[in-house]
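Residue strings, one per chain:
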Amino acid sequence: MKKTKGLLERKLESAGYRDRFEQGYQAFLLEVQILKAMEKKGWSYNDLAHALHTSKGNISRDLAGGGIANATFSRIRKMAGALGLELVPVLIPRRLQS
């Protein structure tokens, strides 16, 4: 029996859509790591804002709805440091287009 492709599988066949999806997914994973670290410390947005000497609104903007993709590298590094984490930037080659 032939398996029918789902909507996401069909959309991912488009190189442009796939690139946007993968970029957004990486930002999502980073956001999740920060939120999990906050949860582990029992911190709220207010607590992180206080540690970074910024407003809760800035933290909310960065950690809600994919906002981390627009945060500066410096701000992400500061968030990580405040949470006892180290931001390790890694550059890897993109998948080759076939």
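Look up: the structure comes first, before these words.
Sequence positions are assigned chain by chain, starting from 1 and proceeding in written order. Restriction of local features to residues with pLDDT of at least 70 applies here, the model being predicted, together with a cutoff of 80 or more for giving and counting side-chain atom pairs; totals for whole chains, interfaces and linings are based on all residues. The side-chain quantities take in all heavy atoms of the structure and omit both hydrogens and water.

Draft legend 1. Here's a closer look at the overall build of the protein chain. In this text, helices come from DSSP runs of H or I with a minimum length of four residues, and strands from runs of E with a minimum of two, each type numbered from the N-terminal end. A tally of regular secondary structure across the protein chain gives five helices and zero strands. Reading the helices (α) and strands (β) of the protein chain from amino to carboxyl end gives α-α-α-α-α. When we talk radius of gyration, it's over C-alpha atoms, and the globule rule is simply 2.2 Å times the number of residues to the 0.38. Compactness check: the protein chain gives a C-alpha radius of gyration of 17 Å against a globular reference of 13 Å for 98 residues, more than 25% above the reference. Seen along its three principal axes, the alpha-carbon backbone of the protein chain occupies a region of about 55 × 25 × 20 Å. Throughout this description, buried means an accessible area under 20% of the type-specific maximum (1.4 Å probe, protein chains only), exposed means over 50%, and partly exposed covers the range between. In the protein chain, which comprises 98 residues, the share counted as buried stands at 19%. Once local pairs closer than 6 in sequence are excluded, the contacts in the protein chain between residues at least 24 apart make up 47%. Computed by Shrake-Rupley with a 1.4 Å probe, the accessible areas treat only the displayed protein chains as cover when residues are assessed. Looking at the protein chain as shown, the accessible area adds up to about 7700 Å², and 56% of this sits on carbon and sulfur atoms. Contacts: residue pairs with any heavy atoms within 4.5 Å of one another.

Draft legend 2. Region of the structure containing a nonpolar patch on the surface. Patch definition: residues with relative accessible area over 30% and no salt bridge; like charges joined within 9 Å; nonpolar side chains (Val, Leu, Ile, Met, Phe, Trp, Tyr) joined within 5 Å. Any carboxyl oxygen of Asp or Glu that lies within 4 Å of a side-chain nitrogen of Lys or Arg is treated as forming a salt bridge with it. A cluster of nonpolar side chains, Leu-8, Phe-21, Tyr-25 and Phe-28, forms an exposed patch at the surface whose accessible area comes to about 380 Å². Within the element layout of this structure, Leu-8 appears in helix α1 (residues 7-12).

Draft legend 3. Fine view of unusual backbone geometry. Residues other than glycine seldom take positive phi values, yet His-53 does so here, at roughly 55 degrees. Along the chain, the position of His-53 falls in the loop between α3 (45-52) and α4 (56-63). The exposure class assigned to His-53 is exposed, which follows from its relative accessible area of 75%.

From the geometry alone we can't say anything about function, so treat these as descriptive.
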